Amino acid sequence: MKALDRKVLRDLRLLWSQAMTIALVVASGVASFVTTRSAVDSLASARDSFYAAARFADVFASARRAPDSLAQRLRGLPGVVDVQTTVESGARVTVPGSTDPVIGHLIGRPSRQAQRLNLVSLRTGRFPQGGAHAGGELEAAVSEGFALARGLRPGDHVEALVNGKMRRLRITGLALSPEYVFAGLFGMPDLRAFGVFWLDEDELAAALDMRGAFNRVALKLEPQASQPAVVDAATRLLAPYGGLLTRTRSEQASEAMLDNEIRSQQVIGTLLPAIFLGVAAFLLHVVTARLVATQREQVAALKALGYRDRSIALHYLKLVAPMVGAGFLLGLAAGKWMGVQLMGLYTEVFRFPVLVHAVPPGLVAASLAIVALTAVAGALTAIGSTVRLQPAEAMRPPAPGTYRRSLLERLPRLRTGPALRMILRNIERRPLRTAVTVGGIAFAVAIVVLGNFFRDAIEVIVDANFNLGMRGDVAVWTVDPVPAGEARAFARIPGVQQVEAGRRVEVRFLKGHRSETGVIQGRPADSRLQRVIDVDRRSVPIPLDGLLMGDRLAAKLGLRPGDTVTVEFREGRRPVREVVVERTVRDMMGLNAWLERRALNRLLGEGDVASEFTLGIEPGRTPQVLQATQEIRGVAGAFSKASMQRNMEQVTARNILIMSTILTTFAAVIAVGVVYNNARIALAERSWELASLRVLGFTRAEASLLLLGELALGIAIALPIGMLLGWGLTHLLVGLLQTDQFLFPVVIRPRTYAWAAICILASGAASALVVRRRVDRLDMVAALKTRE
């Protein structure tokens, strides 16, 4: 073994604790990078495989009732290679033993011929078969996520209100569809409240009076086909048959949510590893620089013996390599484990036939390259100035610093104790070292703030949508618009205290060359049960005439208050109207627009009608009211605010807790790495000074105070800076995560800042205790032996 290699082993043995903390910081960066990026790759791979195997369509359209013969005309559109028509319907579903409302989506599946598009994958059991069934019941396969959430198995039964008639559905199997990888209500992961049921196509058509007709169509396009052209052509063909919105795959609800999650993980997988590995590079630089500084004589001796600068630089890189290599391997293992756990969470929200976590070789290679670059950047910048010294110059101790009277000494009549004066003087005379220490700890504080911010944001979103926005208890919607006077029928239900009528219309917004599909929600201007709440949790009134539009939708269309937008309605006589945007609002979920309900009806040229009713209910009467709404003709569905809120919180609360725990652990690692390494290096640099003070009569506690007091003051300075940095990183992350589906409000509660401070103080205290033990064991005789 070469002499320099033996020196590496000796140095590593002496620096084992510092090497371990550096390895842990590197591991945190690698683990966060591997976890998020492997999750992205695994989700994308599962999606692409499922979509390809299931022949997932590219364009989706709906109509009220279109003849089967129209399918041939749709198939003849330029760029269309295949067409599949289906009969579908919403239905209210009752699960035995549960009073929670369930919205079911019924889909007719051909039993006499194979599906060509959107193939359904059977997980267990069998598909429904046509023919006579005992008691007039219908067979149905059910979406796997809903079945697992509700504990349903083949052979179980549910009740469904189909076309105004209660029908019994017997579960024959569990299945998955590419259309419903994500299944939930209003963009929320609510597997208990929404289920998809596949029935025999002929039986469902008979139950809906849709024989010889369809109300939904899926189109598969050629790779080079123009999607906008196909969408426009399909919309024109379906218009005479009550055609509703035509959407591309990217606008399909399930695909939009899945794509949003993938893009979010890409952002997080870039920002967080950059912070961790940046801190790791800083620690490597500090440790290597101060190690080289204490080994000036050894470097000089090596150069005098004929070692070249390259060999000496390589020697110190060999010293850093085991630290970084151990961190890389540990991070890779931790990233694999956390990736598997993250896939477990995803399986509850996104349903695939196969969702396997994998770390591709390219990701491993990329991680290794990033870590190697971190090591080289941290080490070479530290050793460059020393290895360039001439041997004679390196043999001499470094020139003492040029000190002036400190600011503390220039302040008049400021009385401080000698210990505090020495601490402050040392900090002021070494500003760079203090700055990097404070910066490292501040980033640790910021990461804890960032990790716990999501909990605060989710609480605000839930409060804004369920408590401030929807102040009613139950929302009911009808198959078709009905006279607003039907609100009296709901008001007569025992337990109902208040009723508000509303309307929701699918539209297409046009402004110049820009267009967006969406809905206009018609509500009373003085709505009390369904209010519009902005990101600051303030109620925003709906104008009496003109649109209230979400700011993200307005930005996509290039609109500002006072501008006019063209609105193509997809209901009734499908009029096209010019509407003024009166005001914009920063809302949190979806691309929304609101209009006063009567003004919306006037634009449509219709009377005083409504399609939604929000009910305020006496406490404890919700199950009875939900049961009573099933007996009102024309009701398509209903949901309970309390049930939806409970179901959503069960999923999000656990996921947010896991995420904040992981980030807090990473932040603690960074804090320990920064504080402990700085304390150990400071101890090595100032051992002679501390030993001298002990000889002069200072106690162990007083000598430790000089060293640890400087670190404590650094932590005290870093805490407010880190909190401010966390606030800034949160704004940056929220801006990068903003999508059509969600806008996280930047709300950081005092408890989050307090938790960040507690975590960092605990990490600092643990590091200080370890260093204090070393100070107590300081060999004063050895420390005072200097050649000066």
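Note: the structure precedes this text.
Rules and cut-offs
- The residue numbers shown here count from 1 along each chain, following its written sequence.
- Only residues with pLDDT of at least 70 get local features here, since the model is predicted, and only at 80 or more are side-chain atom pairs given and counted; chain-wide, interface and lining totals rely on the full set of residues.
- With hydrogens and water excluded, all non-hydrogen atoms of the structure serve as input to the side-chain values.
- Only the six-membered ring of Trp is used, alongside the rings of Phe and Tyr, when aromatic pairs are assigned; centres must lie within 6.5 Å, and planes under 30 degrees apart are stacked while those over 60 apart are edge-to-face, with the rest tilted.
- Here a strand is any run of E in DSSP of at least two residues, a helix any run of H or I of at least four, and the numbering for each starts at the N terminus.
- Only protein chains enter the accessibility calculation, which uses a 1.4 Å probe; a residue is then buried when its area is under 20% of its type maximum, exposed when over 50%, and partly exposed in between.
- In this analysis the probe radius is 1.4 Å and the grid spacing 1 Å, with only protein atoms considered; a cavity is a set of points the probe fits into but cannot get out of, a pocket is an open set with protein on both sides within 12 Å along at least five of seven lines, and lining residues have an atom within 4 Å of a point.
- Grid points are joined across faces, edges and corners, and a volume is the space filled by probe spheres set on the points.
- In this classification, Asp, Glu, Lys and Arg are treated as charged, Ala, Val, Leu, Ile, Met, Phe, Trp, Tyr, Cys and Pro as nonpolar, and every other residue, Gly included, as polar.
- By definition, residues are in contact when any of their heavy atoms lie within 4.5 Å.
- We count a salt bridge whenever a side-chain nitrogen from Lys or Arg sits within 4 Å of a carboxyl oxygen from Asp or Glu.

Novice: Looking at this model, I keep getting lost on the packing of aromatic side chains. Mind explaining?
Specialist: The geometry of an aromatic ring pair is captured by two quantities: the separation of the ring centres and the angle between the planes. Considering all chains together, one arrives at 10 aromatic pairs under this definition. Residues Trp477 and Phe639 carry aromatic rings whose centres are separated by 6.2 Å and whose planes lie at 50° to one another, so their mutual orientation is tilted. Of this pair, Trp477 sits in strand β12 (residues 474–483) while Phe639 is found in strand β22 (residues 635–640), placing the two residues 162 residues apart along the sequence. Its relative accessible area of 23% is what places Trp477 among the partly exposed residues.

Novice: For this particular structure, what's the right way to read empty space enclosed by the protein?
Specialist: Counting across every chain of the model gives 5 cavities of 30 Å³ or more. By volume, the second largest cavity is sized at about 100 Å³. Around the second largest cavity, the lining comprises 14 residues; the ones closest to its centre are Gln84, Thr86, Glu88, Asn118 and Glu179. Only β2 (80–86) and β10 (213–221) provide two or more residues apiece to the lining of the second largest cavity. It is β10 that provides the largest number of residues to the lining of the second largest cavity, a total of 3 residues. Considering only residue class, the lining of the second largest cavity consists of 6 nonpolar, 5 polar and 3 charged.

Novice: Where do I start with the environment of Gly472 in this structure?
Specialist: One can find Gly472 in the loop between α14 (431–469) and β12. It is 8.3 Å that separates the C-alpha atoms of Gly472 and Gln498, two residues lying 26 residues apart in sequence. Excluding residues that lie within four positions of it along the chain, Gly472 makes contacts with Leu529, Thr614, Leu615 and Lys641.

Novice: Just checking my understanding: could you explain the pattern of salt bridges for this structure?
Specialist: Think of it this way: side chains of opposite charge can pair up when their charged atoms draw near. In this structure the tally under the stated criterion is 32 salt bridges. A salt bridge links Arg47 to Asp48; the nearest nitrogen and oxygen atoms lie 3.3 Å apart. The residue Arg116 makes a salt bridge to Asp82 at a minimum N-O spacing of 3.0 Å. Here Asp82 lies in strand β2 and Arg116 lies in the loop between β4 (102–109) and β5 (121–125), a separation of 34 residues in the sequence. The class for Arg116 is partly exposed, based on a relative accessible area of 33%. A network of salt bridges, in which partner residues are shared, links Arg126, Glu137, Glu139, Arg168 and Arg170.

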